[in-house]
Amino acid sequence: MSVDTMRILKTYLDNPISKLALRFLLRKDKKYGKTYLEIAIEDLLGENSSSSLNIRIAKAIVKKAIKNSAKAFNVSFEDALETFRLPYARRALVSVLKGILRFGVTKPFTPGAPFLVVWDYTYRCNLRCKHCYIAAGGYDRPEMSLDERKKSLDILADAGVTIIAFSGGEPLMGPGIFEMIKRADEYGMYTAMATNGTLITEQVAERLAKAGLKYVQISLDAPIPHIHDEFRGINGAWERTVRGIRNAKKAGLYVEISMTITKLNYHLVPQMLELAKELEADLFMHYNFIPTGRGAEILELDISPQEREKLLRLLAEKTIKNEIQAASTAPQYARVSLQLSSVGE
């Protein structure tokens, strides 16, 4: 958050009168099950119309606030309003304002609810990956019933979570996954999934998109089939994963290719970046090896700090040059990117 943004937020929101207005706007309407803020924005966007006195008051407050914000950030009212066209953008706004109301304008910022929750939806999995941090596989571990999963999702939605990412295990093997994605989408949450991709046939990809899934992260650890298959524990996994990537793209999903980088595939990263471009992935993501679960048995495969630094520089350089969009779970990637960006200025 920039200094100018902090100053603007403090000016307009970090005062007693604004906080009184926020308390009103963040109240939930019993009929719609949403905050007055969300309903007012929907009304301004022409998505619904309500004659309720409270909503009319909320609409007037929100319209004035958007006009002031648009002026402060030098954009038009229409463009500022359009920012909240998507339901999850409105949920994020509610979370931001709840955070300001509860904690004030701070840096680092604390929202009213987590923006993202990654849900390890099931222990079940059809692969036997060497590095799996929860040692997934099989059907012998106790798991929640579908009704319990629904209740959990309802609690997350009511708390104001903006993004829900279904992970695992293999989430496509979890009971009721399509129903759960649809339920989250109907709440206005941004829905994502982390999968090995082997079960994404054309029909499955279409069902995922129809249920409301927006983002799919698919694991691919090498451009060479037998290396990926050995790491993932199943012959033929590479071909099925690549097919899953193509099917997800065809269905219109945002596709991230994730690669857990160890000493086994570190030297293959440049080739993997080329494969990611060939498959038209929207994002390439480097995942740090996590030495838990089955990963605790292969500690020696983790790359060195020097190798990781070299890797992060490569990813940042490719991104800065717009050759590919690359990211990393390594926190120092932000530092490396800033350093390289400043050198190029």
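Cut-offs used in this document
- Residues numbered from 1 in each chain as written.
- Predicted model: local features only at pLDDT ≥ 70, side-chain atom pairs only at ≥ 80, totals over all residues.
- Heavy atoms only, no water.
- Helix = DSSP H or I, 4+ residues; strand = E, 2+ residues; numbered from the N terminus.
- Rg over C-alpha atoms; globule rule 2.2 N^0.38 Å.
- Contact = heavy atoms within 4.5 Å.
- Areas by Shrake-Rupley, 256 points an atom, 1.4 Å probe, with all protein chains shown as cover.
- Lys, Arg positive; Asp, Glu negative; His and termini not counted.
- Charge placed at Lys NZ, Arg CZ, Asp CG, Glu CD.
- Phe/Tyr/Trp six-rings, centres within 6.5 Å; stacked < 30°, edge-to-face > 60°.
- Buried < 20%, exposed > 50% of the residue type's maximum accessible area, 1.4 Å probe, protein only.
- Lys NZ or Arg CZ within 6 Å of the ring centre and 35° of its normal.
- Pairing = 2+ DSSP bridges.
- Axes fitted to C-alpha atoms, helices over the stretch in contact; angles between N-to-C directions.
- Disulfide = S-S within 2.5 Å.
- Parallel < 35°, antiparallel > 145°, perpendicular 65-115°, else oblique.
- Nonpolar A, V, L, I, M, F, W, Y, C, P; charged D, E, K, R; others polar.

Concerning the overall build of the protein
Stage number 1. Check the secondary structure of the protein and you find 14 helices and 7 strands.
Stage number 2. Its C-alpha radius of gyration of 22 Å places the protein within 12% of the 20 Å reference for a compact globule of 345 residues.
Stage number 3. Along the longest, intermediate and shortest principal axes, the C-alpha atoms of the protein span 65 × 55 × 35 Å.
Stage number 4. Here the contacts in the protein between residues at least 6 apart in sequence split such that 67% fall between residues at least 24 apart.
Stage number 5. Accessible surface, the protein as shown: approximately 17400 Å² in total, 56% of it carbon and sulfur.
Stage number 6. With 48 positive and 40 negative side-chain charges, the protein shows a spacing of 7 Å between the two charge centroids.

A word on the packing of aromatic side chains
Stage number 1. In total, this model carries 6 aromatic pairs according to the counting rule given.
Stage number 2. Ring geometry for F24 against Y36: centres 5.2 Å apart, planes inclined by 35 degrees, an arrangement best described as tilted. Placement of F24 in helix α2 (residues 16-25) and of Y36 in helix α3 (residues 36-44) is noted, with a sequence separation of 12 residues between them.
Stage number 3. Judged by relative accessible area, F24 falls into the buried class, the value being 15%.
Stage number 4. On the numbers, 4.8 Å between centres and 85 degrees between planes, the contact of Y88 with Y190 is edge-to-face. One end of the pair, Y88, is in helix α6 (residues 87-103); the other, Y190, is in strand β3 (residues 190-195), with 102 residues separating them in the sequence.
Stage number 5. Relative accessible area serves as the criterion here: at 18%, Y190 is assigned to the buried category.
Stage number 6. Aromatic ring contacts, followed pair by pair, group W119, Y121 and F166 into a single cluster.
Stage number 7. The ring of Y123 carries the charged tip of R141 above its face, separated from the ring centre by 4.3 Å.

Points about the sheet that holds strand β2 (residues 163-167)
Stage number 1. On the basis of which strands lie adjacent, the open sheet formed by 7 strands has the order β1-β2-β3-β4-β5-β6-β7 and parallel pairing. Unpaired on one side and paired on the other, β1 (116-120) and β7 (326-328) mark the two borders of the sheet. The average undirected angle you get between the axes of adjacent strands in this sheet is 20 degrees.
Stage number 2. Relative to strand β5 (residues 254-260), strand β4 (residues 215-219) runs parallel, the two sharing 5 bridges. Bridge pairing links V216 to V255 in β5.
Stage number 3. The sheet strands contacting helix α12 (residues 269-278) are β5 and β6 (283-287), and the helix crosses β5 at an angle near 165 degrees.

Description of unusual backbone geometry
Stage number 1. With omega at 20 degrees, the peptide bond leading from G168 into G169 counts as cis.
Stage number 2. Tracing the backbone shows G169 in the loop between β2 and α8 (177-186).
Stage number 3. One non-glycine residue, A135, adopts positive backbone phi at about 50 degrees.
Stage number 4. Inspection of the secondary structure puts A135 in the loop between β1 and α7 (146-159).

Focus: the state of the cysteines
Stage number 1. Applying the stated criterion across every chain, the model contains 0 disulfides.
Stage number 2. Cysteine C129 is unpaired, with the sulfur of C125 as its nearest cysteine sulfur at 5.7 Å.

Re the packing of helix α10 (residues 225-232) against helix α11 (residues 237-250)
Stage number 1. One way to put it is that α10 packs onto α11 with a least axis distance of 8 Å and a crossing angle of 100 degrees. In this view, α10 runs roughly perpendicular relative to α11, as classed from their interaxial angle. Across the interface between the two elements, P225, H228 and D229 from α10 touch A237, W238 and T241 from α11.
Stage number 2. Split by residue class, the contact of α10 with α11 holds 3 nonpolar, 2 polar and 1 charged.

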